Amino acid sequence: KVIDILFVVLCILIMWPMLFSVPILYGSSSKETSISETLTMTSVGLFTAFMAWMLFGYVLTFGIESSFFSSIDSYFSNLQQGDGPVILNMVLQACFFLYAAGMFIGTLIHKVNWKFFTVFIPIWLFVVYVPIAFSFWNTNGFLSQLGALDFSGGLVVHITAGVTSLLLAHQFTGDPLEVQERSSDLPVNYIATTLICFGWFGFNLGPLGTVNELTGLVILNTILAIIGGSSGYLLLQWKSVVSEDLLTGMMVGLVTSTALVGYASPLAVLFTSIISGLITCYYRNQSLINDPVDSFILNGIGGIIGTFGLMLFANPIFTPNGQTGLVSGGNLTNFPLIELLGLAFTLLISLIGAQFSISLTKLILFRKKEIVYEN
């Protein structure tokens, strides 16, 4: 048990610098006069996300009692009494939610002020993230009971954030003079991306909860995802590749890995990551979406490709109930259809919930004239 606690603590500690490397990435590409604003906006958004998760997100997603009110009472009693396992699991799961929030925060750089996120993030948590996370990760969730899988958030974290970024980019265009960015500070960008890659080992290992027979597989698959995503960008950009392409490819590979990293073989993860790098690189080059961090392309499309990789390559050696992908099993199974249902559910709730969150936030803040720019 002590080993389990130390394992979770380690995952949290290496994820936390990853989360706060995201503001560094955003700040490195902001205009000199806007760096302070960017760092403030992103940090306040992450602080808001943590508080919302601690106060209601965790207990609604991972209720510990059969009764709703008894779950809330038990949860806050455990917090007040310093219950280590409950607190650590809450903080570990908070890291996943904070990463989702950090991704769509980047879409609105220079388009809204920090107050937007103090309203939008708690609403989005309640109507988008909690229902989807509960469905996949709570044993009482209907997708979990059907056998749908999402190892470390390809659907729950990345597709939800990517779809939300797409809607935010469409509805908030910003002042063109303010949105214009400078070239990224490449050394800073490289260091921040390296910290994110390092933290991602905690991201992908965290769902294990302990050191077990899958630990080596997850570590190897995470490394191969980094290499595979970069390789996809390198193959498509080989005539004029620059360091930003490789760094972006690394991020895409990691995003792609999260749905299947503990459920598929190393070669399957490598292949899926390369394909994801190729596709996302192509769409990034063609994209007209007004999103300075390309969140929909990296998170949305990357997460969807990772989910399809899971449908194809889920290996019954690694999956909890013998779920088998189309390629791994040889015989037609119902798992790919169940996973497709999970993908459709995620997309539907993300679209409807994100639009509701945007509309309600506008309604609240327009009365106080707090939103800076909108379409």
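Since we're looking at a predicted model, the values are computed, not measured.

Asks: It is not clear to me how the overall build of the protein should be interpreted in this structure. Could you clarify?
Replies: Looking only at helices and strands, the protein has 16 helices and 0 strands in total. Relative to a compact globule of 375 residues, whose C-alpha radius of gyration would be 21 Å, the protein shows 20 Å and is just as compact. In the protein, 78% of the contacts between residues at least 6 apart in sequence involve partners at least 24 apart. On the protein, roughly 15500 Å² of surface is accessible, and the fraction owed to carbon and sulfur atoms is 67%. Here the protein contributes 11 positively and 19 negatively charged side chains, and the mean placements of these two sets differ by 10 Å.

Asks: For this particular structure, what's the right way to read unusual backbone geometry?
Replies: The phi angle of most residues is negative, glycine excepted, and most peptide bonds adopt the trans form. For His110, which is not glycine, the phi dihedral falls at a positive 70°. Considering the arrangement of structural elements, one finds His110 in the loop between helix H5 (84-107) and helix H6 (115-137). Taking relative accessible area as the criterion, His110 reaches 3% and is therefore assigned buried. Of note in the backbone geometry, Asp294 takes a positive phi value of approximately 50° without being a glycine. Note that Asp294 resides in the loop between helix H13 (266-286) and helix H14 (295-313).

Asks: I tried to follow the packing of aromatic side chains on my own but got confused; where do I start?
Replies: The geometry of two aromatic rings is summed up by the distance between their centres and the angle between their planes. Counted under the stated rule, the structure contains 28 aromatic pairs. Relative to Phe345, the ring of Phe142 has its centre 5.2 Å away and its plane inclined at 80°; by these criteria the two rings are edge-to-face. With Phe142 in helix H7 (residues 142-146) and Phe345 in helix H16 (residues 335-366), the pair connects residues that are 203 residues apart, well separated along the chain. Classification of Phe142 as partly exposed rests on a relative accessible area of 37%. For Phe345, a relative accessible area of 18% gives the class buried. Ring geometry for Trp200 against Phe203: centres 4.9 Å apart, planes inclined by 35°, an arrangement best described as tilted. Taken together, the positions of Trp200 and Phe203, both in helix H10 (residues 186-205) and 3 residues apart, correspond to about one turn of that helix. No difference in accessibility class separates Trp200 from Phe203, as the two residues are buried. Between the NZ or CZ atom of Lys362 and the centre of the ring of Phe172, over which it lies, the distance is 5.1 Å.

Asks: Would you mind showing me how to read the environment of Gly57 here?
Replies: Here Gly57 is to be found in helix H3 (residues 35-61). Each C-alpha atom of the pair Gly57 and Gln93 lies 9.7 Å from the other, and the pair is 36 residues apart in sequence.

Asks: Hey, could you run me through the nonpolar core in this one?
Replies: Taken as a class, soluble globular proteins show a tendency for nonpolar side chains to be buried jointly. With 102 residues, the main nonpolar core has Tyr99 and Tyr129 as its most contacted residues. Counting residues per element, this core draws most heavily on H5, which supplies 16 residues. Those residues in contact with Tyr129 that lie beyond four places of it in its chain are Trp53, Phe96, Phe97, Ala100, Trp124, Trp137, Val156 and Val157.

Asks: Would you mind showing me how to read the packing of helix H4 (residues 68-80) against H5 here?
Replies: The packing of two helices is summarised by the inter-axis angle and the distance between the axes. Axis separation between H4 and H5 bottoms out at 8 Å; the angle between their running directions is 105°. Here H5 runs roughly perpendicular to H4, going by the angle between their axes. Across the interface between the two elements, Tyr75, Asn78 and Leu79 of H4 pack against Val86, Ile87 and Met90 of H5. The residue makeup of the contact of H4 with H5, split by class, is 5 nonpolar, 1 polar and no charged.

Asks: Can you help me understand the side chain of Thr258 in this one?
Replies: Tracing the backbone through its elements, the reader meets Thr258 in the loop between helix H12 (243-257) and H13. Here Gly154 takes part through its backbone nitrogen, which lies 3.1 Å from a polar atom of the side chain of Thr258. Those residues within four positions of Thr258 in sequence are excluded, and the remaining contacts are Asp150, Phe151, Ser152, Gly153, Gly154, His158, Trp200, Phe203 and Asn204.

Asks: Honestly, helix H8 (residues 154-171) in this entry has me stumped. Any pointers?
Replies: Between its first and last C-alpha, H8 extends 25 Å over 18 residues, near the 26 Å set by a 1.5 Å rise per residue. Here H8 lies mainly inside the structure; 16 of its 18 residues are buried.

Asks: Honestly, the packing of H3 against H6 in this entry has me stumped. Any pointers?
Replies: Look at H3 against H6: their axes get within 9 Å of each other, and the N-to-C directions meet at 40°. On the basis of the axis angle, H3 is oblique to H6. In this structure, the crossing between H3 and H6 has a hand that is right-handed. Across the interface between the two elements, Met41, Val44, Gly45, Thr48, Ala49, Ala52, Trp53, Phe56, Gly57, Leu60 and Thr61 of H3 pack against Phe117, Thr118, Ile121, Pro122, Leu125, Phe126, Tyr129, Val130, Ala133 and Phe134 of H6. Per-class residue counts for the contact of H3 with H6 are 16 nonpolar, 5 polar and no charged.

Asks: I keep staring at the pattern of salt bridges and nothing clicks. Help me out?
Replies: Opposite charge on two side chains allows them to pair when their charged atoms are near. Summed over all chains, the structure comprises 1 salt bridge. As a salt-bridge pair, Arg284 and Asp245 come within 2.7 Å of each other at their nearest N and O atoms. Of this pair, Arg284 sits in helix H13 while Asp245 sits in helix H12; the two residues are 39 residues apart in sequence, bridging distant segments of the chain. Both residues of the pair, Arg284 and Asp245, belong to the buried class.

Asks: Hey, could you run me through the state of the cysteines in this one?
Replies: By definition, a disulfide links two cysteine residues through a covalent bond between their sulfur atoms. Summed over all chains, the structure comprises 0 disulfides. Residue Cys95 stays outside any disulfide, its sulfur separated by 9.4 Å from that of Cys11, the closest cysteine. When its relative accessible area of 0% is taken as the criterion, Cys95 is described as buried. Cysteine Cys281 shares no disulfide, and the gap to the nearest cysteine sulfur, in Cys197, comes to 17 Å. Residue Cys281 is classed as buried on the basis of its relative accessible area of 0%.

Conventions and cut-offs
Residues numbered from 1 in each chain as written. Predicted model: local features only at pLDDT ≥ 70, side-chain atom pairs only at ≥ 80, totals over all residues. Heavy atoms only, no water. Helix = DSSP H or I, 4+ residues; strand = E, 2+ residues; numbered from the N terminus. Rg over C-alpha atoms; globule rule 2.2 N^0.38 Å. Contact = heavy atoms within 4.5 Å. Areas by Shrake-Rupley, 256 points an atom, 1.4 Å probe, with all protein chains shown as cover. Lys, Arg positive; Asp, Glu negative; His and termini not counted. Charge placed at Lys NZ, Arg CZ, Asp CG, Glu CD. Buried < 20%, exposed > 50% of the residue type's maximum accessible area, 1.4 Å probe, protein only. Phe/Tyr/Trp six-rings, centres within 6.5 Å; stacked < 30°, edge-to-face > 60°. Lys NZ or Arg CZ within 6 Å of the ring centre and 35° of its normal. Core = buried A, V, L, I, M, F, W, Y, C linked by side-chain atoms within 4.5 Å. Axes fitted to C-alpha atoms, helices over the stretch in contact; angles between N-to-C directions. Parallel < 35°, antiparallel > 145°, perpendicular 65-115°, else oblique. Nonpolar A, V, L, I, M, F, W, Y, C, P; charged D, E, K, R; others polar. Polar contact = N/O pair within 3.5 Å; in protein donor to acceptor, adjacent residues only side chain to side chain. Expected span 1.5 Å × (residues − 1). Left-handed = near helix turned anticlockwise from the far one by under 90°. Salt bridge = Lys/Arg side-chain N within 4 Å of Asp/Glu carboxyl O. Disulfide = S-S within 2.5 Å.

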